[in-house]
Amino acid sequence: MKKNILILAAMLIAGQSQAQKFDLQGQRGARGIMPENTIPGMIKALDLGVNTLVMNAVISKDKQVVLSQEPYFNAEISLKPDGKGISLKDQKKYNIYKMNYEEVKKFDVGSKIHNRYPGQQKFKAYKPLLEETIDSVESYVKLNKLAKPNYSIETKLIPKGDGEFQPEPSEFIDLIMEILKRKKLEKRVTIQSFDIRTLQYLHEHYPKIKTGLLIDEKENFENNIEELGFKPTVYSPYSVLVGKSLVDRCHEAGIKIIPWTINSTKEMKYLIGLGVDGLVTDYPNLFKPEMLKED
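All of these numbers come straight from a predicted model, not from anything done at the bench.

A.B. asks: Just give me the short version of the overall build of the chain, but keep the residues and values in it.
C.D. replies: Each helix and strand in the chain was counted, giving nine helices and nine strands. Over its C-alpha atoms the chain spans a radius of gyration of 20 Å, differing by no more than 12% from the 19 Å that the globule rule assigns to 295 residues. Oriented by its inertia axes, the alpha-carbon framework of the chain measures out at about 70 × 40 × 35 Å. With 295 residues in all, the chain has 51% of them scored as buried. When the accessible surface of the chain is split by element, carbon and sulfur atoms take 53% of a total near 14,900 Å². Each charge class in the chain can be summarised by its mean position, and for the 44 positive and 39 negative side chains these summaries are 5 Å apart.

The structure is reproduced here in structure tokens:
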């Protein structure tokens, strides 16, 4: 009897340890159910138990770090200050890098019905500053006695867009790092990107900061790492590119693998079974700790 109790206790501890190590990441907060890259969306993700808040960063004309998936106002989610929509052909004219943040904040990115996420809560919302988001999140977890989250910040750069939609990679990273250092968040943040220039600059000038290499095309893992020039902390591929071989190669190289964007319980269970170190989802409400238990 005593032996069975000890075995059960060991199993419970192992299960808890696995759950603690697994990194559940909320994409743009909780994009499936809340407006993306907004403070209410980040708070909702915290309430749903995410370990890491995934957010996208762009730069305004007055050198503010703003949360946004694109360096312009996406027609799919944005309303102009007068409440009117933005056409697809005109969306890049609303270039955040050409606007001071005071102007950026007047656009509404929470009220428009999202055709791909019809279950999103709708309310008027704005693109917040990275600094404001961090302050709000840190205050919320302290007030509600929640675990402090990690932050995964993606640098959003358009190819050949330097000077038009974004600053040079070095300035981009320096602006983000000034905030993170001031907030003393270096140990809880990962900077990720498809643009390897920002990661290379970060690795050279801020070598203690964790890095994430985003991948959206079927390319050779070893070639991607060679092109980057160093081993990132995290290899983050589009989920359909992930198989057992890729998971094993990442782990053999000492790199975590956290795929994106997994929006069904079936796919979550499949990838967890392959041994991924975490997953990025628009719907953190779909994830259940029981998924981590071995059969």
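Once you've had a look at it, read on.
A.B. asks: Please provide a residue-by-residue account of empty space enclosed by the protein, values included.
C.D. replies: In the structure shown here, the tally under the stated rule is one cavity of 30 Å³ or more. Each pocket or cavity is described by its volume, and for the largest cavity that value is around 40 Å³. If you go around the largest cavity, the residues you meet are Pro35, Glu36, Ile77, Val109, Lys112, His114, Gln120 and Lys122. The residue makeup of the lining of the largest cavity, split by class, is three nonpolar, two polar and three charged.

A.B. asks: Any details on the pattern of salt bridges? Residues and values, ideally.
C.D. replies: Applying the stated criterion across every chain yields a total of 17 salt bridges. The residue Glu171 makes a salt bridge to Lys63 at a minimum N-O spacing of 3.2 Å. Linking Glu171 in helix 5 (residues 169-182) with Lys63 in the loop between strand 2 (52-59) and strand 3 (65-67), this pair joins segments that are 108 residues apart in sequence. On the basis of relative accessibility, which here comes to 33%, the residue Lys63 falls in the partly exposed class. Note that Arg182 is salt-bridged to Glu178, the shortest N-O span being 2.8 Å. Here Arg182 and its partner Glu178 are both found in helix 5, four residues apart, which amounts to about one turn of the helix. The class of Arg182 is partly exposed, set by a relative accessible area of 40%. Via salt bridges that share partners, Glu131, Asp135, Glu178, Arg182 and Lys183 belong to a single interconnected network.

A.B. asks: Any chance you could break down the packing of aromatic side chains for me, citing the residues and the numbers?
C.D. replies: With the rule as written, the count across this model stands at eight aromatic pairs. Geometrically, the ring pair formed by Phe73 and Phe107 is stacked, given 4.0 Å between the ring centres and 15° between the ring planes. Residue Phe73 is found in the loop between strand 3 and helix 3 (101-104), and its partner Phe107 is found in the loop between helix 3 and helix 4 (130-143); the two are separated by 34 residues along the sequence. Following the ring pairs from residue to residue traces out a cluster consisting of Phe73, Tyr94 and Phe107.

Cut-off values and rules
Residues numbered from 1 in each chain as written. Predicted model: local features only at pLDDT ≥ 70, side-chain atom pairs only at ≥ 80, totals over all residues. Heavy atoms only, no water. Helix = DSSP H or I, 4+ residues; strand = E, 2+ residues; numbered from the N terminus. Rg over C-alpha atoms; globule rule 2.2 N^0.38 Å. Buried < 20%, exposed > 50% of the residue type's maximum accessible area, 1.4 Å probe, protein only. Areas by Shrake-Rupley, 256 points an atom, 1.4 Å probe, with all protein chains shown as cover. Lys, Arg positive; Asp, Glu negative; His and termini not counted. Charge placed at Lys NZ, Arg CZ, Asp CG, Glu CD. 1 Å grid on protein atoms, 1.4 Å probe; cavity = no way out; pocket = protein on both sides within 12 Å on 5 of 7 lines; lining within 4 Å. Points joined across faces, edges and corners; volume = space filled by probe spheres on them. Nonpolar A, V, L, I, M, F, W, Y, C, P; charged D, E, K, R; others polar. Salt bridge = Lys/Arg side-chain N within 4 Å of Asp/Glu carboxyl O. Phe/Tyr/Trp six-rings, centres within 6.5 Å; stacked < 30°, edge-to-face > 60°.

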